[in-house]
Structure formats: C-alpha cells, structure tokens
Number of protein chains: 2
Amino acid sequence: MSTAAPRTAGPDHLWSVDEHLDDILATVRPLEPIELQLLDAQGCVLVEDVTVPVSLPPFDNSSMDGYAVRVADVAGASERYPAALEVVGDVAAGRAEPPRVGPGQAARIMTGAPLPPGAETVVPVEWTDGGLGEGPVTGMRAHSLAPEGATGQVRVHRPAGARAHVRAEGSDVRAGDRALEAGTVLGPPQISLLAAIGRGTVRVRPRPRVVVLSTGSELVQPGEELGAGRIYDSNSFSLTACARDAGAIAYRVGAVADDADTLRDTIEDQLVRADLVVTTGGVSVGAYDVVREALASVGDEDEPGGGIDFRKLAMQPGKPQGFGSIGPDHTPLLALPGNPVSSYVSFELFARPAIRTLMGLTDVHRPRTRATLAGSGPLTSPEGRRQFLRGRYADGEVAAVGGAGSHLVAALARANALIVVPEDVESVAPGTDVEVILLG
Amino acid sequence: MSTAAPRTAGPDHLWSVDEHLDDILATVRPLEPIELQLLDAQGCVLVEDVTVPVSLPPFDNSSMDGYAVRVADVAGASERYPAALEVVGDVAAGRAEPPRVGPGQAARIMTGAPLPPGAETVVPVEWTDGGLGEGPVTGMRAHSLAPEGATGQVRVHRPAGARAHVRAEGSDVRAGDRALEAGTVLGPPQISLLAAIGRGTVRVRPRPRVVVLSTGSELVQPGEELGAGRIYDSNSFSLTACARDAGAIAYRVGAVADDADTLRDTIEDQLVRADLVVTTGGVSVGAYDVVREALASVGDEDEPGGGIDFRKLAMQPGKPQGFGSIGPDHTPLLALPGNPVSSYVSFELFARPAIRTLMGLTDVHRPRTRATLAGSGPLTSPEGRRQFLRGRYADGEVAAVGGAGSHLVAALARANALIVVPEDVESVAPGTDVEVILLG
C-alpha cells in the first residue's frame, strides 16, 4: 500500500523522503516485455517460465577421450595382460554416424561424442597403449597427423564397469523440467543455460532508456572556456553515468539554457526515446527556475493523470523536487535539484529505484547497513529534515567526508556511502550506530 | 615475484591453479592508456593525477533564492519593522553583468548566481515580502510572467550576518589541488568531479576487447534445429556475458568447426580487434582437439616469446588449459576447456583476472569469504586436485548445488558461489568451514 501523500496535498505540504519515494514507486510501472537476442538480454529480468525442450545431455556421451568398449571385453585387463581389441573407427563429437562396436572391438571416442551402438563403457586413453603397441600413453595423436589411429589394434590395461565415463542423457536437465522461472535476472550462468537448451531469444523486460538533461544558462560544457559567472555542467555527465550504473541505456542531452519554451521543446523532442526523463536544476523558488515554469502546468488540461508536481521534501540535500509524467505516453519525469551533490543524492534515492522498477527488478534500492560513526566531532543536522551525508565506509565504521554543503563534489568523489541522519536527530556523536547506504 | 613454473616445465608437469594464474598475471600487461571522452571512461582506471585548474565554486555565489544586500541595511529587521530596500535588478546564474548593490539597495539573486558587487550577504526570499508589499512569501514569481519583480521595493523581515547563504570561491576545491589520483576507478561521483572542474576528456586505460570463440563440430547455434549427436553452443554466449561482466568489450565470434586451418584463420582474422582471445574446447588429449592442434606450435619459429602452452592443471573442473600469446602483437590467448561448467569456472578463475589486469585494476579477483558448509552429506573431491563446486551462499552458509559433473549447467544457473576444496582434502563434512568465491 502506498503511503504517498495525495497530489492534492497542496504546495505547502512538506513531503517526507518516504512519501516522495512511495509516490514514485506507486506510479512507475515495469516496461512491457520484448523478445531479445540472448546476449542483449544480459542483466534483464525474464518474464516467462522457461521449460527445457530437450534433455541435456541430449544423448549418452563420453566424459573422456578414450575407447568405447564392451564391459566383458576388458574385464580383468591389466598392463601385463592387456585386452587387445580391434579399433573399428572414431567417434568424434558432431561427426558422421558412429561405428557399431561388436565383441572384441573398440571405437576410439572423444569427450562429448555419443556412446556408439554396442558399446557399454568407456576406457580413458591413459588406460591404453593408444594403438601404438607400447606402454600406456598420455593422449591421442591428432587425427589429421595420424589417421591410422582410427584403425588397427588397441591394448587396454584396466577394466571398466558398465557406463563408466559416460554422461547419461538427461543427467543435467530433462525435457519438460523448469529451467528458469519468470523474475530471474539473466547473468552469465543463466545465459549459459538458456543457450545450452537452445534458446536464441528470450522474453524479458528491456533496459529503460533514460534521457538526462541539465538546465542552467550558466552551464558550460567541460573542455570549453569558462566565462565569468559560469560553471561547468557536471550533472548531465554524473547522472548519465548513474543511470548506466543502475542498468539503464542513458542519453545525455546536455545543458539547456533557462528558457521555458526551449526546455519544453527539448523535452518533447526527446520523449520518443525516453522511458524516463531526468532533469536537474530549475526546481526551486527562484524567478528563473525554468523547469518548474516549463512543466508545472504541462498536461493539466487534456492529459488526466499527467503533469509534474513540484514539492518540498524534508531532506538535505535535495529539498526541492519535481515528479510526475509527461507527454502522450505519460512518460515519468523526475526533476531533480541543480546542485551537483543534491542531484547525485536525489538520483540515488529516487531515480535509481525508478529505473530498477522499470526493469522489473524487485530489489530496487541500494543496500543499507549499520555502522559506527568515526571522526573527532559530532555531525550536525537540521531538525525536521532527513540528512544524507557523504561518508567513507569500511569494516563496520563510517566517517563523514567533506561537509554538509550540497556543492561539495570533491568530497563526494571520495565517498562510498551515504550516512543517514533521521529527521528528529540534530547531532550525532562519534561512536554512535548510524544507518548507512552503500554506494556502488 | 611470480611462482609460475617455467615454460620448460615440460608436458608432464601438473600445474597448480596458483602456478597457472601466476603465469597469466606475470604475462598480461595493462593496456596502453588513451584519452577518452568523459562518459566513455566510465569504469576505467585513471592514469594521470588530475589537478584542479580552477577553484570550485569559481566565484562567491548564493546558496539560496533571495536578495543580495548590505549587512547594515538589514540589521534589526523584523516582520513588524521590515527593512525596505530598492530592488536594482536580478542576478541570475549565467546572465548578464550583475548590478551593483549600494546602500539601501538589494539585488534579487538566484541560487548559484555570483554575489554582486557591493553586496555582503544574502537573505532568502522566504524572509521577505518578495516585493509584493504583503506578508512573507514562499518563493518568487517567474521573471517571464512578472518582470516587475526585478524592480520596485522589497521588505526584508530578518537580519543576516556577513556572507550568510554565500558559498565562498574555492570552498569545494582550490586551483592546484589534487582532484583525483592516478589509479582511481571512474564511477559516477568521479565523473561528476571531473566534469565540474572542466575536464571533457581524461586519460585512462581503455576497456579490453575480448574475442570469444567456441570450437566443436557438434555445436549448433541456439534457436536452430538440433541434429543427431549435436548440442547447442552455450560457451560462446556464456563467456561473452562473463567478459562483459568483468568490464570488457566482448565480441562473440561463435562456434568454429574442428578444423585446425579454419580455426587458425579465424583467430588470425580476429586479432585486429582483440586485446585478449578466449577459446573453449579442443584442449584435451583427443584426436580432434583442434585448438591444441592449431595453436600448439604457433609462433614457435619466428615469434620469440610467443606460442601457446597446453598444460594439465591440478583442478576440477578445468584440468586441460592452454595459455600463451599469439600474432605480431603477442596478444594473450586463453584456451579453456569445452565443458560448459569447466569453461565458466576457468573463465572466472583465469580470464576475469586477466581482463581486469588489462584494465589496470589492482583488485582483479572475485571476493572470497569463509562459510559453513550446509547440506546433509559430505562433499567428495579427488585427491591432488583443487575442486571448485558450484554453491549457493547466504548469511555465512553455503550449500552445494548439483554435482561435481562439469556438464551440470542447470545447477550452475542456481549457483552464486564456488566452494573451494583444497588439493589435500578428499571429503568435507557438513558444518565444516570452507572457502567460498562469491560470483556476481
């Protein structure tokens, strides 16, 4: 059940972090599944129960390079009193029809090749003279160099029980077995299994396409010259990287100047390739907060359920936030604040779970743990706001890096965790047990 | 110091897992660095110490939407006795030259905008009447809708000390500071910092390009019809997925039939795009083990230091292995065994560290931990071989899934760990403390 405040909560409602998150997760729905080529489905969530169409192995086959023989023919064999058998041919994986093995006969067999008719067991080549008429050998000579190995006589030095070194048909999986259940995330071992049972394509939820754009007339592309009063655009880079890290296909649109019409046009233009739009900046109470201006009324009239709601959250950093949907497909849009640390923290808390929900994952959040606060002085936090401080976590301890300022991106680059200070706590002394969100 | 056995150890030397791994890691070298666009460098290792060229913030700027004023002009102000100031214009981020703030004057200022000349502090808009002549406001009206907000009079309801709500130039990082050190892995926060200091490109070791091909005349592409005696090619899919998971750009070449000339031609053809070649199958002692046949002598004559060494390892699964370098650039090549589980385990143990070494990472191995063996019966393991059993790990306990058979790919798909049984242990009872390699 969602605890989200109703959209009618009004502009003065101070949203808690959990209310805002619940609103997002109650709105965002997993993407419609599509059939993808196996390797394109890596990291995706399976939406079908996959049944094994054909048993694995599909036939009895040898687990060794050796000779396929009858049990009685090698009973009692030893190096001193070897069993001499007529070699009737080779059985190699994927080659022509295997020869029949009669009494007193052997077929030279390769690992993975089907047990030939008449044969009951396999003796490894190391238990034989390899057809050379001398002592035990360590392997076979290549067929292309010594084709005579497929004929002549072989001496077997040890007996073998029935079906020794034979992998039985269906000993891995049987036709009709459930191979994988819907909801499985497809990593390399699952892809291995799907390929092994012959699945070239598979039905999964695709990776979400996330369009990232930053706003601000002061933003300059990194690598270009920085004019007076200007700063470099870092948010569109950092959030594109965050979106990929969350599993999305991310498109960095870059920085858009503070002009409502331009911004609206840009976003509308991008909707065709967006499963989620993330903007940064322009969401606060200033006279040039263009995201708010451009999107606050979008869709109110002819798109029921659409529109972006701008709200204040009881958190630091990241107080001003926007969320809603936009365009004919009600594409979800998260309007994050513009300070680099605010936008990063907001992305981790709100956009990452949204992306992972679109993917159909059930485990959408960063892992959390408890840690002992290290450091020499207490952490302070404003009353009534949940604070997320950048921290460095290791071995059950966490220390704050940098200060609370939301512009401290240098400290962020040294952090590997967020320290959570609850709304009702204004000071946390070293040695206190704190909640920690583990990043990356 | 490498403990690798010398190449002259001879064909009968039984290599330990560690000797083989040491040989690989002593041979494979990090790739040459290249300058990459920032977002293309995600996940890569930085090879330069990055110095901050310009302080962050580059200028004193406002942390709030409000009014830039002189301290004396708002001293003693209250809602009852507000300070009435003349608004001389707007200061918005990235806009034209800011107005000068004289005595009795205020400039409307937006978050991030430079503190204008003459101003000493910032009062948030919530501490004023926003120029509307009534009580406190919660924000500004958009400039495009109410341009008169940049002029007229504002009443300030609270005093502010010097430089309140001002972020000082260089308070994040200062020009000349070390931003990031060589060796740093570039995740989203590091990309954020690099963008913020204006770096559009960065010098890193690129992702290795890994060519994956499986060998075997019995292999059929998943999705196609399975003829008698044939199996689906799963290795080229699973190892391509593994290579990507390790951080590589992986090219799946697919299955090559058991013909030495075709295989040699295919590999030579692929070398142009390979930093590492991984093959599966054809490395054992059979008469059709084409990888061994095709590559055992490659480079011996005119490529000193080149050539692929085929060896037996004291491990299960994965006894037969090949490793060496090939072609004019001495491209490293790992020839893994063909059983799906053997190739997967071999990749995780040997190819993944090789890929991560090529990337320049120092942490090249999967994490290991200790766990208590769960289950009803003992695990058995052949003496003298290190066994890697597929297991399911959770909360300090691990249970084996499936058996020891190297063809049990269905069990592999349920595993999230490998249980390590040392060479000198033949049986492990439930309750025993075991070493575990955590996968993915």
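Residues numbered from 1 in each chain as written. Chains lettered and ligands numbered in written order. Predicted model: local features only at pLDDT ≥ 70, side-chain atom pairs only at ≥ 80, totals over all residues. Heavy atoms only, no water.

Here is the rule we go by: UniProt positions are given in the numbering used here, feature names are shortened, and annotations may be inferred rather than shown by experiment.
In the nomenclature of an unreviewed UniProt entry, chain A corresponds to Molybdopterin molybdenumtransferase from the organism Streptomyces prasinopilosus. In its Sequence similarities (unreviewed entry) section, the UniProt record describing chain A reads: "Belongs to the MoeA family."

## Let's talk about a negative patch on the surface
All names here are of chain A. Test applied: Like charges within 9 Å and nonpolar side chains (Val, Leu, Ile, Met, Phe, Trp, Tyr) within 5 Å are joined into patches, using only residues over 30% in relative accessible area that form no salt bridge. Accessible surface is estimated by sampling points in the Shrake-Rupley manner with a 1.4 Å probe; for residues, cover comes only from the protein chains shown. Salt bridge, as used here, is a side-chain nitrogen of Lys or Arg placed within 4 Å of a carboxyl oxygen of Asp or Glu. In summary, the charge assignment counts Lys and Arg as positive and Asp and Glu as negative, without counting His or the chain termini. Charge placement uses NZ in Lys and CZ in Arg. For Asp and Glu, CG and CD serve respectively. Counting from the N terminus, the helices are DSSP H or I runs at least four residues long and the strands are E runs at least two residues long. Burial status follows relative accessibility: with a 1.4 Å probe on protein chains alone, a residue under 20% of its type maximum counts as buried, one over 50% as exposed, and anything between as partly exposed.
Where like charges cluster on the molecular surface, the negative patch consists of Asp-259, Asp-265, Glu-268 and Asp-269. Position of Asp-265 among the secondary structure elements: in helix 5 (residues 260–270). For Asp-265, a relative accessible area of 52% corresponds to the exposed category.

## Focus: the side chain of Thr-357 of chain A
Here Thr-357 of chain A shows up in helix 7 (residues 340–358). Among the residues examined, Thr-357 of chain A registers a relative accessible area of 12% and is labelled buried.

## Digging into the pairing of strand 9 (residues 121–124) of chain A
Residue and element names in this part refer to chain A. Rules: For two strands to count as paired, DSSP must find a minimum of two bridges between them.
Neither face of strand 9 is left uncovered, since the one carrying Thr-121 and Val-123 and the one carrying Val-122 and Pro-124 both have all their residues buried. Judged from the four bridges that link them, strand 6 (residues 66–69) and strand 9 form a sheet pairing that is antiparallel. Paired with Val-69 across the two strands is Thr-121, which belongs to strand 9.

## Comments concerning the interface of chain B and chain A
Keep this limit in mind: In this analysis, two residues are considered to be in contact whenever any of their non-hydrogen atoms come within 4.5 Å of each other. As a working definition, buried area equals the accessible area (1.4 Å probe) given up by two parts on being put together, with both sides summed.
In this complex, chain B contributes 80 residues to the contact, which on the side of chain A involves 81 residues. Carbon and sulfur atoms supply 61% of the area buried between chain B and chain A, which totals about 6,500 Å² over both sides. Our enumeration of links across chain B and chain A arrives at zero salt bridges. Of all the elements in the fold, those that place two or more residues in the side of chain B that touches chain A are helix 3 (188–196), strand 16 (231–232), helix 4 (235–246) and helix 8 (409–412) of chain B.

## What to know about the pattern of salt bridges
All names here are of chain A. Applying the stated criterion across every chain yields a total of 37 salt bridges over all chains. A salt bridge links Asp-23 to Arg-311; its shortest N-O distance comes to 2.8 Å. Highlighted residues: Asp-23 in helix 1 (residues 17–27) and Arg-311 in strand 19 (residues 307–313), separated in sequence by 288 residues. Judged on exposure class, the residue Asp-23 and its partner Arg-311 are both buried. Put simply, Arg-352 and Asp-245 hold a salt bridge, and the shortest N to O gap is 3.3 Å. Here the residue Arg-352 occupies a position in helix 7, and Asp-245 occupies one in helix 4 (residues 235–245), the gap between them amounting to 107 residues. For Asp-245, a relative accessible area of 36% puts it in the partly exposed group. One salt-bridge network, in which partners are shared between bridges, spans Asp-245, Glu-348, Arg-352 and Arg-366.

## Here's the deal with the relation of the copies chain B and chain A
To be explicit about the condition: Copy-to-copy alignment: least squares on C-alpha atoms, limited to residues at pLDDT 70 or above in both.
Superposition record for chain B on chain A: RMSD 0.0 Å, screw rotation 180°, translation along axis 0.0 Å. In short, the pair behaves as if placed about a two-fold rotation axis. Proximity to the rotation axis, assessed at the C-alpha, singles out Asp-245 of chain B in chain B; its C-alpha lies 6.2 Å from the axis. Comparing contact sets, 100% of the residues at the interface of chain B also lie at the interface in chain A, consistent with an isologous, same-surface contact.

## Description of the sheet that holds strand 2 (residues 34–37) of chain A
All names here are of chain A. With antiparallel pairing, the three strands of this open sheet are ordered in space as 2-13-3. The open sheet is flanked by strand 2 and strand 3 (45–46), the only strands paired with a single partner. Two elements, strand 3 and strand 13 (residues 201–205), share two bridges in a ladder whose sense is antiparallel. The residue of strand 13 that forms the bridge with Val-45 is Arg-205.

## Section: the packing of helix 1 (residues 17–27) of chain B against helix 7 (residues 340–358) of chain B
All names here are of chain B. Selection rule: All axes here are fitted lines through C-alpha atoms, helices being fitted over the stretch that makes contact, and every angle between N-to-C directions spans 0 to 180 degrees. For this classification, under 35 degrees means roughly parallel, over 145 means roughly antiparallel, 65 to 115 means roughly perpendicular, and everything else is oblique. Crossing handedness follows the turn of the near helix against the far one: under a right angle anticlockwise gives a left-handed crossing, and clockwise gives a right-handed one. Charged residues are taken to be Asp, Glu, Lys and Arg, nonpolar residues to be Ala, Val, Leu, Ile, Met, Phe, Trp, Tyr, Cys and Pro, and polar residues to be all remaining types, Gly included.
The interhelical angle for the contact between helix 1 and helix 7, taken along N-to-C directions, is 25°, at an axis separation of 10 Å. With respect to helix 7, the element helix 1 is oriented roughly parallel. Note that helix 1 runs across helix 7; the crossing there is right-handed. Along the contact surface, helix 1 presents Val-17, His-20, Leu-21, Ile-24 and Leu-25, while helix 7 presents Leu-349, Phe-350, Pro-353, Ala-354 and Thr-357. Classifying every residue of the contact of helix 1 with helix 7 by side-chain character gives eight nonpolar, two polar and no charged.

## Quick word on the confidence of the model for chain A
Atom-level detail of predicted coordinates should not be read off regions where pLDDT is low. For clarity, the cut-off: pLDDT: the predictor's confidence for each residue, scored from 0 to 100.
A residue-level look at chain A finds 94% of positions with pLDDT of 70 or above and a mean pLDDT of 92. Below a pLDDT of 50 lies the segment residues 1–5 of chain A, which in the model reaches 10 contacts outside its immediate sequence neighbourhood of four places, other chains included.

## Focus: the pairing of strand 26 (residues 397–400) of chain A
Residue and element names in this part refer to chain A. The pairing of strand 23 (residues 368–373) with strand 26 spans two bridges and is parallel. Across the sheet, residue Leu-373 finds its bridge partner in strand 26, namely Val-398. Bridge count for strand 25 (residues 386–394) against strand 26 is four bridges, and the pairing is antiparallel. By the bridge assignment for strand 26, Ala-394 is matched with Glu-397.

## Examining the packing of helix 4 of chain A against helix 7 of chain A
Residue and element names in this part refer to chain A. Helix 7 packs onto helix 4 with a crossing angle of 25° between their chain directions and a minimal axis gap of 10 Å. The orientation of helix 4 relative to helix 7 falls into the category roughly parallel. In the packing of helix 4 onto helix 7, the handedness of the crossing is right-handed. Across from Asn-235, Leu-239, Cys-242, Ala-243 and Asp-245 in helix 4, the residues of helix 7 making contact are Pro-340, Ser-343, Tyr-344, Phe-347, Glu-348, Arg-352 and Ile-355. Here the contact of helix 4 with helix 7 is composed, by residue class, of seven nonpolar, two polar and three charged.

## Description of the state of the cysteines
In plain terms, the rule: The rule for a disulfide is simple: a pair of cysteine sulfur atoms within 2.5 Å.
For the structure shown, the criterion picks out zero disulfides over all chains. Here Cys-44 of chain B is not cross-linked by a disulfide; its sulfur's nearest cysteine counterpart is in Cys-242 of chain A, at 17 Å.

## A look at the sheet that holds strand 22 (residues 331–336) of chain A
Residue and element names in this part refer to chain A. The strand order across the open sheet formed by seven strands is 1-19-21-22-18-14-17, and the pairing between neighbours is mixed. Each having just a single partner strand, strand 1 (14–15) and strand 17 (249–256) make up the two edges of the open sheet. Pairing of strand 14 (residues 209–215) with strand 18 (residues 276–280) involves five bridges; the strand directions are parallel. Within the sheet, the bridge partner assigned to Val-212 lies in strand 18 and is Val-278.

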